[in-house]
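Observations on the three-dimensional arrangement
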Amino acid sequence: MTPSQPHPVLSFRDVHRVYGEGSGAVRALDGVTVDVEPSRFTAVMGPSGSGKSTFMNLAAGLDDPTSGEVWLAGQPLHAMDEDRRTRLRRDHVGFVFQAFNLVPTLTARENVVLPFELAGRRLTADDRARIDGLLESLGLLARAGHRPAALSGGQQQRVAIARALAIGPHVVIADEPTGNLDTRSSREVLSLMRTAADEYRQTILMVTHDPVAASYADRIIVIADGRIVGDHPGLAPAAIADLMVSLEVGAA
Amino acid sequence: MSTAGVRRGLVLGSPRELGTVGLVAGLCGAYAGVLVTASSLLTAMATQTDGQTSAGLMLAVVSTVFILIAVYVSAVVIVNAVDTVVAGRLRQIALLRLLGARPATLRGSVMRSAGAVGALGAVAGAVLGVLATDVFRIVLVHRGTLPGVTYPVTSSFLLAPVATISFMALAAGWVGSRSVLRVTAAQALTGAEGAAPAPDRSTSVVRAAFAIVLMAGGALVLVAAAWLGERGSLAGFLAAFVGAATSGTGLLIGARFVVPRLVALAGRLLGSDPPSRVARRNAVADPLRTTRSTMGLVIGVTLVTTIASGMRALQVSVDSWTGLTAEQRAETHTVLSTMTSILVAIVVISCVISAVGFVSTMSLTVIQRRREIGLLRALGFTGAQVRSMVTKESAALAGTAVAFGLALGLGYGSVGAQSLVGFQTDGFVWGLPWAVLGTVAVVGLLLVLVAAAPPARRAVAIAPVQALHVDR
Ligand SMILES: Nc1ncnc2c1ncn2[C@@H]1O[C@H](COP(=O)(O)OP(=O)(O)OP(=O)(O)O)[C@@H](O)[C@H]1O
Ligand SMILES: [Mg+2]
């Protein structure tokens, strides 16, 4: 640990993740090494099937690498048993998945409060205010008492975003959080995440296919065929779009 | 032509899912096999040794009643099993609808599968029941316990229950698959699943009113029976029977209003941490399913407790009689306890059938919630919390059923005894058969654990990533 540089909140060291065996094996991640500094907003981009979701799952300790090391908040995820990983996840990570985010038997608000209960934390007045603020800015206040089955796909996704941000975890991992949203709500979500990084010092890792969404980030990591093929500082939407096109041309 | 594509078993296929239907029909068939064969051998004995012919009819009537009770409990269990399977396959059904399958065709395929497996189970069970009884008889004759007259292998009367059970499975498959009709093709496209369809309000109101009238009327008749018994009127027992049958029917009809509330109440006792909360919500997520998965147990426990409690109350009354010699007293004790054992042994089948149903529903619903459990794991549920969640759901359901059944049975049994011999004692005597109550409670607890252990083990093994894959 060098005192001058901030300790990375997330590190990958030569991580491989192979699905299946023999000739049918898929190398979803193929030697990924990367550090993510605290309170930064990082976008992860790349073609479909390039390994983005696999990368996110490993970062969250939801999946085991085939080889290599994954460090989260200074702890070796690759060397921990499931129970310790569960606790680490509970205490440090918030998620938004690509699909199926909410516990069907709990209302929207109960889903948002769940991480607090799992961490054994009593809701303070501040917590309540933050939760209400999140629900309000995501346009969910009127729907907070509904079960997920009674919400639209985009509403469900916004509830998941509120849940990921509410408890203020160190790391928020979001796999295409704006995938189901219209321009307005997607902008709302993105500025919430920007604020989370700037004001609440949270580290945000977001997969997206949308150049405008990626332009909110201050770092863009590009994955193709399971490898990191690009690592850029914040870019404007047009530059990002060019980048993605060049990637497709390169692949073709 | 559209039927060609939707073959039998397309909707309701895996052996694990159909297993419950076959097993329950099999148990019911075996029970019928044993009862019919046993009564045919008793009849043969009575006619050939004493020249009595009336015993046969009596036995036929009695075993018909018991078999019908078992068939009813099996029907409740099978309806629930089919409904659970269908609920877990909503997406697949919706996809088939999207591809052009007609709802009636899909429902028909569910019904035929249930009917076929049920018929197979009934026949296999009946054959096993007959064989077991005949082997038992041969051993007893060999030992000299039974006279060596000529016995029939069984009675052709057995065809009736086997046909009834097969038809019941078919009908239960039809009733249980009703939700197939409510699945829309659009549901294949939306992520939302498990949305409980809203019940039809107007029929609910009629049903509730009907149930309340029957329950209140039955309860009044039961009070009258107790009073008649105190006065020594012979009409007492008849009134008790009518009262119990009426209020029992009312309870069966109104169970869907009562049972989910009781389960919700029991759920409150579990605690308010996240595992308990999710367990409680799951236990009452679909009121109809909650009712069906517990109703069999309620009936079984009520029957056993009614008999034990009634016999116990009779015993207490006999003990209070003056003018009996010690010998007579001992003799009535023996007679009453033998009768209790025989009757309990005969009705306990309802408990067995409903316990089998309960264990398999618990296991199926947990399998169907793989993704939800994976998500909970991802969010930070530990293995222990997942296990406690499954166990608590099982406890809320089975615990409520057992407690409710015990309370009903104590009431019915004690009123029954009071209506017979109330005039012998001062006031109302509660028959409290501690040994049976204790046994039921312990067996109930075992059931909770047995029903929860395998699904809990499987649930803990679910990796969090499984929540992230849409189709797994
Ligand atoms: N459970 C699995 N078993 C086998 N192969 C898998 C599994 N999960 C993912 N893969 C494969 O690994 C590769 C990377 O998948 P991943 O889900 O990480 O892609 P992605 O970049 O998130 O794609 P998308 O943008 O479409 O979500 C793909 O080729 C995929 O088919
Ligand atoms: Mg993905």
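Residues numbered from 1 in each chain as written. Chains lettered and ligands numbered in written order. Predicted model: local features only at pLDDT ≥ 70, side-chain atom pairs only at ≥ 80, totals over all residues. Heavy atoms only, no water.

Now for the side chain of Ser166(B). Tracing the backbone through its elements, the reader meets Ser166(B) in helix 6 (residues 159–176). In terms of polar contacts, Ser166(B) uses its side chain to reach the backbone carbonyl oxygen of Val162(B), at 2.8 Å. (Helix = DSSP H or I, 4+ residues; strand = E, 2+ residues; numbered from the N terminus. Polar contact = N/O pair within 3.5 Å; in protein donor to acceptor, adjacent residues only side chain to side chain.)

Quick look at the UniProt feature "domain: ABC transporter" (unreviewed entry) in chain A now. Taken from the UniProt record, the annotation "domain: ABC transporter" (unreviewed entry) applies to residues 10–248 of chain A. When the span residues 10–248 of chain A is considered, its composition is 37% helix and 26% strand, and the gap between its end C-alpha atoms is 28 Å. (UniProt positions renumbered as here; feature names shortened; annotations may be inferred.)

Residues and elements named next belong to chain B. What the domain assignment lists for chain B is domain 1 (1–193) and domain 2 (202–472). Of note, the centres of domain 1 and domain 2, computed from C-alpha atoms alone, are 23 Å apart. With both sides pooled, the region where domain 1 packs onto domain 2 buries about 2,300 Å², and carbon together with sulfur makes up 70% of that total. For domain 1, the biggest contributors to the area lost against domain 2 are Val73, Asn80 and Thr84; these three give 22% of the whole. In this structure, Arg289 engages Asp83 in a salt bridge whose closest nitrogen and oxygen atoms are separated by 3.8 Å. The interface formed by domain 1 and domain 2 includes 3 residue pairs in polar contact (both at pLDDT 80 or more). Mapped onto the side of domain 1 that touches domain 2, the elements with two or more residues apiece are helix 2 (15–49) and helix 3 (54–88). (Domains from an automatic or database assignment. Buried area = accessible area lost by both parts, 1.4 Å probe. Salt bridge = Lys/Arg side-chain N within 4 Å of Asp/Glu carboxyl O.)

This paragraph deals with the interface of chain A and chain B. With 28 residues of chain A at the interface, the matching set in chain B holds 26 residues. Summed over both partners, the interface of chain A with chain B comes to about 2,500 Å²; 65% of that surface belongs to carbon and sulfur atoms. Where chain A touches chain B, the interface holds 3 salt bridges. For Arg277(B), the salt bridge identified is with Glu110(A), shortest N-O distance 3.8 Å. Run the count over chain A and chain B and you get 6 residue pairs in polar contact (both at pLDDT 80 or more). (Contact = heavy atoms within 4.5 Å.)

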